[in-house]
Amino acid sequence: MTALGVPRSIRARRRHGPRPDDPTPATPTRSETGRSPRVVVLTARVGAGHDRAAYELAARLRARGAVAEVHDYLDALPRFGQVIIGDGYGVVVNRLPRFFDWLFHALEHRGAVRGIILTFLMLSERTVRRWTRDADIVVSTFPLSCQTLGRMRAAGQIAVPVVSYLTDPAPHRMWLHPGVDVHLSVTSACADAAERDYGVAVRPAGPLVDPRFSRAHTDADRTETRWSLGLGDDETVVLISAGSLGLGDVPALVDATLTNPTAHVLVLCGRNADLREDLDARERVTALGWRDDVPALMAASDVLLHNAGGLSVTEALVANLPAVTYHPIPGHGRANATVLADAGLAPWPTSPEGLAAVLDGVARTSPLSPWPATPDGDVAAIVLELAAEDRQAVPAA
């Protein structure tokens, strides 16, 4: 039986190993025929978190000799679906937050809304079947593609293992499907919540972020970055991240932060040019557009303030930068804030005064380990191990 109770007998024939410095032996990356394992990764251009995790996984897999392909799940849907899900996400979160919160919770339960969405997602299956043909394993970093892959796997339309990698701290029913072979999470907190709330076994596997976030930055690096941005050494630099779309009431985060007289706010506005223009005129605020030097910006900051809890929090945890939640966006933002606060990974003050107090006490320390202290390989290692086990389980023709 799987973690969600689906007999493995329904499954048809099944078809990246540890880092070079891992103490455990590397998983073989070639089959007995000498063919490198082929891994298909599905993501979606909804924000940047799903994409970055997918491409980081692909890079790690390729470094281990695997063939990795990344596909955007939205491209498998009809055009109107791409617009509604891809382009509509930011619009709904910013302009119809109550509707987004209602939809988030409606998808947790069986009913008309969830049924309509799942039926619509079936329109992607023809393209997904083509993408996954001859794959050795398939991984999803996006919840809707988890549903499609799980259904196809349970129906025997995909004959290889399917893995779900939850990029959010909080689990949600759309991340979980009984047809998925293995569910992986970034943090142990997410795995614990999935077991408690859904009865689903989720394996904490650690982060999929750019290796630059884990590299040490010297005091000279920190000083240089601050100088380039006009930041003083005596200021408490609060880095605000609102994702690639600048989601939520970011001005409210800025206003609350500035109640602390020593704070200077560094805002990552992503691709939201209007937000950047609005904030950049304020005192003690530096508003930035899309940046590729976020590891250096985190190294130069004293705390991360976020409202969604996705990739930015994972990057901060890797960079040993304290994270604080404030005024989270509805739906997954609030759910993520709850899991992070309950696990002691990111406090969630609910008033400007509370936020000011938290910022006064924040300091760079070694936080609680959000993932296993001695993981048995990272996500790529786990994926390749599952693919190798599956190949060994296939009887000779």
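This text goes with the structure placed above it.
S.K.: I would appreciate a short explanation of the packing of helix α1 (residues 49-63) against helix α15 (residues 379-393) in the present structure.
M.R.: Geometry of a packed helix pair, given as the angle between the helix axes and the separation of the axes. At a minimum axis separation of 9 Å, α1 and α15 run at an interaxial angle of 65°. Pair α1 / α15 crosses with right-handed handedness. Between α1 and α15, the residues in contact are L57, R60 and L61 and V379, A380, V383 and L384, respectively. Along the lines of polarity and charge, the residues of the contact of α1 with α15 split into six nonpolar, no polar and one charged.

S.K.: Can you walk me through the sheet that holds strand β1 (residues 38-43) in this structure?
M.R.: Strand pairs in the sheet, formed through backbone hydrogen bonds, run parallel or antiparallel to each other. Judged by pairing direction, the sheet is parallel, and its six strands sit side by side in the order β2-β1-β3-β4-β5-β6 without closing on themselves. The sheet is open, and its two edges are formed by β2 (67-72) and β6 (202-204), each paired on a single side. Going across the sheet, the axis of each strand differs from the next one's by a mean of 25°, ignoring polarity. The strands that α1 touches are β1, β2, β3 (137-140) and β4 (162-166); relative to β2, the one it contacts most, it runs at about 165°. In the packing of helix α7 (residues 188-198) onto the sheet, contacts are made with β4, β5 (182-185) and β6, and the angle to β6 comes to roughly 165°.

S.K.: What am I meant to see in the side chain of N336 here?
M.R.: Along the chain, N336 falls in helix α13 (residues 332-342). Once residues lying within four places of it in the same chain are set aside, the contact partners of N336 are D168, P169, A170, A308, G309 and G310.

S.K.: Hey, could you run me through the nonpolar core in this one?
M.R.: One broad rule of soluble globular proteins: the nonpolar side chains tend to lie buried together. Within the largest apolar cluster, 31 residues are counted, with the highest numbers of intra-cluster contacts made by Y73, I85 and V128. With residues up to four places along the chain from it excluded, the contact list for I85 reads V46, L74, L77, F120, F142 and L144.

Thresholds, definitions, all that
- Residues numbered from 1 in each chain as written.
- Predicted model: local features only at pLDDT ≥ 70, side-chain atom pairs only at ≥ 80, totals over all residues.
- Heavy atoms only, no water.
- Axes fitted to C-alpha atoms, helices over the stretch in contact; angles between N-to-C directions.
- Helix = DSSP H or I, 4+ residues; strand = E, 2+ residues; numbered from the N terminus.
- Left-handed = near helix turned anticlockwise from the far one by under 90°.
- Contact = heavy atoms within 4.5 Å.
- Nonpolar A, V, L, I, M, F, W, Y, C, P; charged D, E, K, R; others polar.
- Pairing = 2+ DSSP bridges.
- Core = buried A, V, L, I, M, F, W, Y, C linked by side-chain atoms within 4.5 Å.
- Buried < 20%, exposed > 50% of the residue type's maximum accessible area, 1.4 Å probe, protein only.

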